[in-house]
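# An overview of the molecular structure
The chain contents come next:
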Amino acid sequence: MSLAAALALATAYGLFGARGSVATAQNAGPLQGLGSITGTVTAPSAFKAARVYLRNTDKNIMYMVYTSAGAFRAVAMMPGNYELTVKGRGLESAPQKLVVKAGVNPAVKVGMQAADTPDKYPTWVDRSDARTPGGLSLPKTEPMQLGSYDQVYPPGPGRVVLETLCMNCHGENYFSTRPRSGSAWKNGLDHMMGRALAENDKRGLGEGILAGSASNFRFGLQDRKDVLEYLTANFGLAKKPQAVRTDPEMPLDEEQLSKAQYIEYYVLGGAEATGAPSPATSGPVDSENVSSGIAGVRIIMQVQIDQDGNRWGVDRGKPSRLVKLNPRTGEQKAWDLPDPRAGVHDMLMDRNGIIWVLEFARSAEGFADAMGSGSDLTSRLLGFNMKTEKWEFTIDPDPDNVIRSAKKGPLMGGEVDSKGNIYAHWMMTGGLAKYDRATGKATTFRIPTPGAVPYGSAMDPFDNVWVAEWNGGKLGRFNTTTNTWTEFTPPIYPVNLRRGPRSDAEGNIWTGIWAGGNRAAKIAKLDQKTGNWTMWDLPYRGAQPYEASVDKDGNIWFPDTAENRPDRGAANARFNPRTQSFTFYPRPQAVADSTRVAHAADGSVHYTARYGAAKDTSGFGVLFPDKDKITTLAPLPLNGPNMYAFKVGRQPTN
């Protein structure tokens, strides 16, 4: 590189001068002692927004930035030994070792070559090393054949049923990537229609959701006949797995991406965490229906930020744990749940220094249930005092046995109102539990819709609790003053609101809606005062927005899980309601999706890398949309815990 070119690159990336000066930022304030690095990337073919992975091998921290016109810059890096790799679509570099010191480091040059598979999707962790939501290893498979939607799903009455009902929850690639025998497809339909519920309590989240004329999905006998014939003919055992090509693809804005930076802190798995070797347990592709809780495999499910900028998460590995991360140093600390038989999924943080952990399910056999097959023992609210570092509360959310079922769980959600009362919902049995902090009394309230499956919750500025009803796509509002419900049905119905809603500062409720066949995924806003819905289509095929939340500037963020998309990976995305424009930030790994993201006061976006972040491990992640605005590695929570988009304590006006 010529001197003139080097000077131009340094000026463009703010290595010296006024605004965005890395040299200035590194020598003052909270970022003192951290390093930065720049570089250029070449390749035998054109590329756009290649991903530059910089892994600190001393601290198990990953930094990822994107290239712009082949150049890149990473900042706020902890000094130490690093491994550098760069990947683009169908391109990748060999690993390169380097040492990062405090201040500005020498520029590096990296060359990419053609990957072993043309058009290979860039990811730091190969899909074959990722795990399922339950922690199981995925079986090794041949590269998936891609086709158009009509090629993979030929027109017919059965396709109409899949589009109308099944793809809302499963996505379009669920069926084509899982060939089964006719009897296996029949057994799956029997489960979804609840054939065994006449003699047994519900045993899983999907059981009975298509129960004929009693179902919100209105699934009849002709629908069953049509879809069973279609699945058997097109996705029987003799068929090879195939997937719908993502066309159109996710649009990438290289200029916006070049400003962004990811940092992920990995939670150790295997022998480092448990003192035992990591198991070789594996399972079928559709292993979401099996039990989880695998020793040595870490799965961080949710992130909260405390008043000191530390991050907390719940780990659904075995044993299930509460984990604390100091992002300034990478130091981690963990506490096992009081009952080793309990699994975990959600948590919340109140404004008095108590972390409330929701037991997802407790099993008498001692496994941690992955996907909601219910709880043999009552799921409980567990209160952990951050100051004493002890479990100080154990609450039965349904002491009056309002839910008359042998398996009440799983317990999910988790919100706190302006008075400090705690709420959580019974996902499989359709109830909302309230723990009154003043009286110490817990009460459960049933959701009016029969068989409701609440999945994800929100608090609005008026102390209403909102739940997304997975079995059909309603939003339910619970008035915490009158203890009454109001349900809102979107104009397209049924839909998959998935993990669900979040409120903005004005009380509008935002949620994501998954794509269903040729129907595009959407970001939706409900004006609760008028009942009017507004929706915006996502501009690429097969998107799966897991939830929607609001940052300090009123932008809507959502993670796209990209389930069963072999040609696309997970991403965090931003929707600007004022300009009605989207910006997409592909994640470091293709498979490591997240549920709800959390927002800090500086505009950074926090998430967990769940499963697939690295072999046997998971992690805490943060996306800085503008790395020149990084002032600390430990930003404070937006509006304090529980990081709502409004200041808690606002008086009701509706």
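Procedures and definitions
- Residues numbered from 1 in each chain as written.
- Predicted model: local features only at pLDDT ≥ 70, side-chain atom pairs only at ≥ 80, totals over all residues.
- Heavy atoms only, no water.
- Helix = DSSP H or I, 4+ residues; strand = E, 2+ residues; numbered from the N terminus.
- Buried < 20%, exposed > 50% of the residue type's maximum accessible area, 1.4 Å probe, protein only.
- Contact = heavy atoms within 4.5 Å.
- Areas by Shrake-Rupley, 256 points an atom, 1.4 Å probe, with all protein chains shown as cover.
- Salt bridge = Lys/Arg side-chain N within 4 Å of Asp/Glu carboxyl O.
- Pairing = 2+ DSSP bridges.
- Polar contact = N/O pair within 3.5 Å; in protein donor to acceptor, adjacent residues only side chain to side chain.
- Axes fitted to C-alpha atoms, helices over the stretch in contact; angles between N-to-C directions.
- Parallel < 35°, antiparallel > 145°, perpendicular 65-115°, else oblique.
- Nonpolar A, V, L, I, M, F, W, Y, C, P; charged D, E, K, R; others polar.
- Disulfide = S-S within 2.5 Å.
- Phe/Tyr/Trp six-rings, centres within 6.5 Å; stacked < 30°, edge-to-face > 60°.
- Lys NZ or Arg CZ within 6 Å of the ring centre and 35° of its normal.
- Left-handed = near helix turned anticlockwise from the far one by under 90°.

### Overview of the overall build of the chain
Helix and strand counts for the chain stand at nine helices and 40 strands. Every one of the 654 residues in the chain was classed for burial, and the buried ones make up 61%. Intrachain contacts of the chain at a sequence separation of at least 6 include 60% that bridge at least 24 residues. Here the chain displays about 24200 Å² of accessible surface, and carbon together with sulfur accounts for 51% of that area.

### Topic: the pattern of salt bridges
Working definition: two side chains of opposite charge can pair if their charged atoms are close together. Scanning the model with the defined rule gives 33 salt bridges in all. As a salt-bridge pair, Arg 89 and Asp 119 come within 3.4 Å of each other at their nearest N and O atoms. Here Arg 89, found in the loop between β5 (80-88) and β6 (91-92), pairs with Asp 119, found in the loop between β10 (113-114) and β11 (145-147); they are 30 residues apart in sequence, far enough to count as distant. The partly exposed category is assigned to Arg 89, whose relative accessible area is 32%. The shortest N-O distance in the salt bridge between Lys 408 and Asp 398 comes to 3.0 Å. You can see Lys 408 sitting in the loop between β21 (390-395) and β22 (411-416) and its partner Asp 398 sitting in the loop between β21 and β22, a full ten residues away along the chain. Each member of the pair, Lys 408 as well as Asp 398, carries the same accessibility label: buried. Linked through salt bridges whose partners overlap, the residues forming this network are Asp 339, Arg 341, Glu 359, Arg 362 and Arg 380.

### Here we look at the sheet that holds strand β34 (residues 549-550)
Read across the open sheet, the four strands follow the order β34-β35-β36-β37; overall the sheet is antiparallel. Two strands bound the open sheet, and with one partner strand each, they are β34 and β37 (581-586). With six bridges connecting them, strand β36 (residues 571-576) and β37 associate as antiparallel partners. Following the sheet pairing, Phe 575 is matched in β37 by Phe 582.

### Observations regarding the side chain of Asp 190
Topologically, Asp 190 is positioned in helix α6 (residues 182-193). Its relative accessible area of 15% is what places Asp 190 among the buried residues. When residues no more than four places from it in sequence are discounted, the contact partners of Asp 190 are Arg 195 and Arg 224.

### Notes on the side chain of Ser 379
Tracing the backbone through its elements, the reader meets Ser 379 in the loop between β19 (354-362) and β20 (381-385). Among the polar contacts made by the side chain of Ser 379, one reaches the main-chain carbonyl oxygen of Phe 360 at a distance of 3.5 Å. Beyond its immediate chain neighbours, meaning those up to four positions away, Ser 379 contacts Glu 359, Phe 360, Ala 361, Arg 362, Pro 397, Gly 409, Leu 411 and Trp 426.

### Focus: the pairing of strand β16 (residues 321-326)
The buried fraction of β16 amounts to five of the six residues, a majority that puts the element mostly inside the structure. Turn length for the strand β15 (residues 311-315)-β16 hairpin, with the two strands adjacent in sequence and antiparallel, is five residues. As paired elements, β16 and strand β17 (residues 331-336) share six bridges and run antiparallel to each other. Among the inter-strand pairings, Arg 321 is bridged to a residue of β17, identified as Asp 336.

### Quick word on the packing of helix α4 (residues 157-170) against helix α7 (residues 221-234)
Contact pair α4 / α7: the axes reach a minimum separation of 7 Å and the direction vectors enclose 105°. What the angle tells us is that α4 and α7 run roughly perpendicular. Side by side, α4 and α7 meet where Pro 157, Gly 158, Arg 159, Val 161 and Leu 162 of the first sit next to Asp 223, Asp 226, Val 227, Tyr 230 and Leu 231 of the second. Of the residues contributing to the contact of α4 with α7, the split by class is six nonpolar, one polar and three charged.

### Re the sheet that holds β16
Pairing is antiparallel in the open sheet, where four strands are placed in the order β14-β15-β16-β17. Among the strands making up the open sheet, the edge pair consists of β14 (300-305) and β17. Each adjacent strand pair in this sheet contributes to an overall mean axis angle of 20°, direction not counted. The pairing of β14 with β15 spans five bridges and is antiparallel. By the bridge assignment for β15, Val 303 is matched with Gly 313.

### Concerning unusual backbone geometry
The linkage connecting Tyr 493 with the following residue, Pro 494, adopts the cis geometry, with an omega of 0°. Relative to the helices and strands, Pro 494 is located in the loop between β29 (484-488) and β30 (502-503). In this structure, the amide linkage connecting Pro 641 to the following residue, Asn 642, adopts the cis form with an omega of 10°. As for its position among the elements, Asn 642 is in the segment after β40 (618-624). One non-glycine residue, Glu 389, adopts positive backbone phi at about 55°. Within the secondary structure layout, Glu 389 lies in the loop between β20 and β21. Positive phi, close to 70°, is recorded for Asp 463, a residue that is not glycine.

### Here's the deal with the state of the cysteines
Scanning the model with the defined rule gives zero disulfides in all. Free cysteine: Cys 166, not disulfide-bonded; nearest cysteine sulfur from Cys 169 at 8.8 Å. Residue Cys 169 is classed as buried on the basis of its relative accessible area, which comes to 14%.

### Details of the packing of aromatic side chains
Counted by the stated rule, this structure contains 28 aromatic pairs. Where Phe 558 meets Phe 582, the ring centres are 6.3 Å apart and the plane angle is 80°; that geometry is what we call edge-to-face. One end of the pair, Phe 558, is in strand β35 (residues 556-560); the other, Phe 582, is in strand β37, with 24 residues separating them in the sequence. One aromatic cluster is present, built from ring pairs that chain together Trp 510, Trp 536, Tyr 540, Phe 558, Phe 575, Phe 582 and Phe 584. Just above the ring of Phe 393 sits the side chain of Arg 437; from NZ or CZ to the centre is 5.4 Å. Directly above the aromatic system of Tyr 546 lies the positively charged group of Arg 610, at a separation of 5.6 Å from the ring centroid.

### Remarks on the packing of α6 against α7
Angle between the axes and distance between the axes are the two parameters that describe a pair of packed helices. Relative to each other, α6 and α7 sit at 145°, their axes nearing to 9 Å. Judged by the twist between their axes, the crossing of α6 over α7 is right-handed. Residues Gly 182, Trp 185, Lys 186, Leu 189, Asp 190 and Met 193 of α6 form the contact with α7, whose own contacting residues are Arg 224, Val 227, Leu 228, Leu 231 and Thr 232. Counted by class, the contact of α6 with α7 contains six nonpolar, two polar and three charged residues.

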